[in-house]
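Listed below, chain by chain, are the residues.
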Amino acid sequence: MSSATAADSERMQKIVSLCKRRGFVFQSSEIYGGLRSAYDYGPMGAELKRNLMNEWWRSMVHSREDVVGLDASIMMHPRVWQASGHLANFADPLVDCKVCGERFRADKAPRAEPGADAPIELADKGRAKAAIERLEKLGHAVERQGKTLVGAKVEARGYVCPNCGSPLLSEERQFNLMFRTSLGPVDPVGDVISTMREAIAEGKDDAGVRAVVEAALSSSAVYLRPETAQAMFVNFLNVQQTMGAKLPFGIAQMGKSFRNEVKVEHFIFRSCEFEQMEMEYFVRPGEGPRSLEYWKEERMRWWRSIGLRDENLRLRAHGPDELAHYSDGCFDVEYQFPWGWDELEGIASRTDYDLNAHSEASGKKLVYFDPEAEDPQTGKKGWRFLPHVIEPAAGATRGVLAVLCDAYDEEPADEEGKGARTVLRLHPRLAPIKAAVLPLVKKDGMPEVARKIVERFFSAGINAKYDEQHAIGRRYARHDEIGTPYAITVDTQTLEDSTVTLRQRDSREQQRIGVEEAVAVVRAALADA
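Let me begin by describing the structure that accompanies this report. (Residues numbered from 1 in each chain as written. Predicted model: local features only at pLDDT ≥ 70, side-chain atom pairs only at ≥ 80, totals over all residues. Heavy atoms only, no water.)

1. Some points on the overall build of the protein
- Counting secondary structure elements, the protein contains 16 helices and 27 strands.
- Expressed as a percentage of its 529 residues, the buried residues of the protein come to 48%.
- Here the contacts in the protein between residues at least 6 apart in sequence split such that 66% fall between residues at least 24 apart.
- By element, 49% of the accessible surface of the protein is carried by carbon and sulfur atoms, the whole surface being about 26,600 Å².
- The positive charge centre, built from 71 side chains, and the negative charge centre, built from 81, are 3 Å apart in the protein. (Helix = DSSP H or I, 4+ residues; strand = E, 2+ residues; numbered from the N terminus. Buried < 20%, exposed > 50% of the residue type's maximum accessible area, 1.4 Å probe, protein only. Contact = heavy atoms within 4.5 Å. Areas by Shrake-Rupley, 256 points an atom, 1.4 Å probe, with all protein chains shown as cover. Lys, Arg positive; Asp, Glu negative; His and termini not counted. Charge placed at Lys NZ, Arg CZ, Asp CG, Glu CD.)

Next comes the structure, spelled out in structure tokens:
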């Protein structure tokens, strides 16, 4: 591992540690040992995520005349997922390593030249010896050199295990990522048992048994949505007709989605339960390319507007081999996380694929009628057509992580060894707490004045926090770590002339302002940020 990689890994560990220590993110069910890929957002994390999603909603819906919102059910009719292709195609190629047992996605595995030597690195000699014995039973000839196995060659598939580097792998098999459950007063387990007994008694093979079990489950099966997008497509006519929407227009939705990921990684970046911020923008046929250009620039502008630095953002066009069969263009907004560049948002041209698929599957014509437009086929006024769609789809949980990574900073001590601090330079509107109100001491009427100031912030709809624990320096440090942009200190002078000290988080500069001005000054600063 290079020194840069080691430093990046250490930085990520520090961010994860801060998230736990300061109440941003906890491991779910931690007192029971935790649950893989499940996280709970603590008091600070809940506020940060809510603020981020509110900023997206404000920008995407409340600041535009051409986009409206939707809040659809997490569970939808199973035929939605059949029509969209998720039941048949929403799968990852799954592979098992014969050496270390690692299960991983073939399309994400490290690439290697077919026929090249592939040394296999195990954690210790004991595991290497056990692996030799296991591979010999499987007919693979390799030799052990300490904790390394040599003699294996990269197979024609051209990739190796991401954990140990082994090219000795199982065959690829498709693993559907959707979570399935049952709806209604049914006993799917009982149905499966009886169905299996009958199938085995009839002499069916494994494939036959699986087919009848799947049929038994399908009668009550529903799925947790793997994306929010499909609800916007199936509600296209409902929204268009009730709102009287004219093209171009969009439907936006935020909410939870669920994917049974083969590999979860990088803290909250890739998990089985996550939140999305998606919008489907409907345009006339032929206008997709121009709209795609607009939205890719608009989405980059928005990520910059909430504080992400230019050097950590880039726009990457998908190559022809990456595009879905129905897409004629796609861009990823990528962020430079501590482990490297990774996707933050996708902006895709989906053509008319989704509306067409649901029209055919449901028998309902999800078309748009323009009475003034000329029908290209008839030459007459009145054109019914399937709109094309541009989809900006952002990850809210990924956005939270990107914001935390971008904001995390460590300032070294000065020449006297003082002033070192950790600070989250969050955009002020994203900060969980906008202002900390701190009495210098817990007496002489200072707490009472401070609490009155907090009440004024609450009345103005600004989240503030009264904090009297520990020395003033430790309180400043605590609020620097959670990203509070402003601290207001009530001190002896406050009692004399009704002024307080306003401290800026990033610069640490302080100024005296009137008690009556505090709310107005902070509100103006938030508006200008």
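2. A look at the layout of surface pockets
- Put simply, the second largest pocket is a space of about 330 Å³.
- For the second largest pocket, the lining is made up of 14 residues, of which Val80, Val234, His358, Ser362 and Lys364 are closest to its centre.
- Among the elements that line the lining of the second largest pocket, the one with the most residues is helix α3 (residues 78–84), at four residues.
- When the residues that make up the lining of the second largest pocket are grouped by side-chain class, the tally is six nonpolar, six polar and two charged. (1 Å grid on protein atoms, 1.4 Å probe; cavity = no way out; pocket = protein on both sides within 12 Å on 5 of 7 lines; lining within 4 Å. Points joined across faces, edges and corners; volume = space filled by probe spheres on them. Nonpolar A, V, L, I, M, F, W, Y, C, P; charged D, E, K, R; others polar.)

3. Quick word on the sheet that holds strand β5 (residues 91–96)
- Spatially, three strands are ordered β6-β5-β10 in an open sheet, and the strand pairing comes out antiparallel. Only two strands of the sheet have a single partner each, and these edge strands are β6 (103–105) and β10 (173–176). Taken pair by pair, the neighbouring strands of this sheet meet at an average axis angle of 45 degrees, ignoring direction.
- In terms of strand pairing, β5 meets β10 through four bridges, oriented antiparallel. In the strand pairing of β10, Pro93 is matched with Gln174. (Pairing = 2+ DSSP bridges. Axes fitted to C-alpha atoms, helices over the stretch in contact; angles between N-to-C directions.)

4. A word on the sheet that holds strand β11 (residues 179–182)
- Strand order across the open sheet formed by three strands is β4-β12-β11, with antiparallel pairing between neighbours. The strands lining the two open edges of the sheet, one partner per strand, are β4 (75–76) and β11.
- Of the pairings in the sheet, the one linking β4 to strand β12 (residues 221–224) comprises two bridges and is antiparallel in character. Pairing of Met75 across the sheet is with Leu224, part of β12.

5. Here we look at unusual backbone geometry
- In the segment running from Leu247 into Pro248, the intervening peptide bond is cis, with an omega of -5 degrees.
- Mapped onto the secondary structure, Pro248 falls in the loop between α9 (236–243) and β13 (249–258).
- For Ser37, which is not glycine, the phi dihedral falls at a positive 65 degrees.
- Mapped onto the elements, Ser37 comes out in the loop between β1 (25–27) and β2 (39–41).
- At His470, a position not held by glycine, the phi torsion is positive, near 75 degrees.

6. Section: helix α10 (residues 288–305)
- For α10, with 18 residues, the first-to-last C-alpha span of 25 Å sits near the 26 Å given by 1.5 Å per residue.
- Turning to α10, its buried residues are Gly288, Ser291, Leu292, Trp295, Lys296, Glu298, Arg299, Met300, Trp302 and Trp303.
- Looking at the residues trailing α10, positive phi occurs at Gly307, about 110 degrees. (Expected span 1.5 Å × (residues − 1).)

7. Describing the packing of aromatic side chains
- A complete count under the given rule lists 17 aromatic pairs for this structure.
- Aromatic side chains Trp383 and Phe385 sit 4.2 Å apart centroid to centroid with 40 degrees between the ring planes, which places their arrangement in the tilted category. Residue Trp383 shares its accessibility class with Phe385, and that shared class is buried.
- Counting every residue linked through ring pairs, the aromatic cluster contains Phe233, Phe236, Phe249 and Phe282.
- Note that Arg503 overlies the ring of Tyr476, its terminal NZ or CZ placed 4.4 Å from the centroid. (Phe/Tyr/Trp six-rings, centres within 6.5 Å; stacked < 30°, edge-to-face > 60°. Lys NZ or Arg CZ within 6 Å of the ring centre and 35° of its normal.)

8. Focus on empty space enclosed by the protein
- Scanning all chains against the criterion turns up one cavity of 30 Å³ or more.
- The volume enclosed by the largest cavity comes to roughly 50 Å³.
- Along the walls of the largest cavity sit Ile306, Gly307, Leu308, Val403, Asp406, Ala407, Arg425, Leu426 and His427, which together make up its complete lining.

9. Describing the packing of helix α13 (residues 446–459) against helix α16 (residues 518–528)
- For the pair α13 and α16, interaxial distance at closest approach is 9 Å and the crossing angle is 45 degrees. When the axis of α13 is compared with that of α16, the two are oblique. For the element pair α13 and α16, the recorded crossing hand is right-handed. Where α13 approaches α16, its residues Ile453, Arg456 and Phe457 are matched on the opposing element by Ala518, Val519 and Val522.
- Residues of the contact of α13 with α16, tallied by class, amount to five nonpolar, no polar and one charged. (Parallel < 35°, antiparallel > 145°, perpendicular 65-115°, else oblique. Left-handed = near helix turned anticlockwise from the far one by under 90°.)

10. A closer look at the packing of helix α6 (residues 188–201) against helix α7 (residues 206–218)
- Contact pair α6 / α7: the axes reach a minimum separation of 9 Å and the direction vectors enclose 150 degrees. Judged by the inter-axis angle, α6 sits roughly antiparallel to α7. Every pair of crossing elements has a handedness; the one defined by α6 and α7 is right-handed. Across the interface between the two elements, Pro188, Val192, Thr195, Met196, Ala199 and Ile200 of α6 pack against Val209, Val212, Val213, Ala216 and Leu217 of α7.
- Grouping the amino acids of the contact of α6 with α7 by side-chain chemistry returns ten nonpolar, one polar and no charged.

11. A short note on a nonpolar patch on the surface
- A surface patch of nonpolar side chains, about 250 Å² in accessible area, is lined by Ile74, Met75 and Leu183.
- Given a relative accessible area of 32%, Ile74 falls into the partly exposed group. (Patch = residues over 30% accessible without salt bridge, like charges linked within 9 Å, V, L, I, M, F, W, Y side chains within 5 Å. Salt bridge = Lys/Arg side-chain N within 4 Å of Asp/Glu carboxyl O.)

12. Here we look at the nonpolar core
- Counting 53 residues, the largest nonpolar core has Phe24, Trp303 and Leu344 as the members making the most contacts within it.
- If you list the elements that add at least two residues to this core, you get α1 (3–21), α2 (43–62), β14 (273–283), α10, β16 (329–337), β17 (340–351), β20 (388–395) and α12 (396–407).
- Residues within four places of Trp303 in sequence aside, it is in contact with Met277, Leu308, Leu313, Val333, Leu344, Glu345, Ala394, Gly395 and Gly399.
- Within the second largest apolar cluster, 30 residues are counted, among which are Leu177, Phe236, Ile251 and Val389. (Core = buried A, V, L, I, M, F, W, Y, C linked by side-chain atoms within 4.5 Å.)

13. Section: the environment of Glu416
- Along the chain, Glu416 turns up in the loop between β21 (408–411) and β22 (421–424).
- Between the alpha carbons of Glu416 and Ala123 there is a distance of 45 Å; along the sequence they are 293 residues apart.

14. So, the side chain of Lys434
- Considering the arrangement of structural elements, one finds Lys434 in the loop between β22 and β23 (435–439).
- For the buried residue Lys434, which engages in no salt bridge, the nearest side chain bearing the opposite charge is Glu47, 6.3 Å off.
- Excluding residues within four positions of it along the chain, Lys434 makes contact with Asn51, Pro428, Arg429, Ile462, Asn463, Thr484, Pro485, Tyr486 and Leu526.

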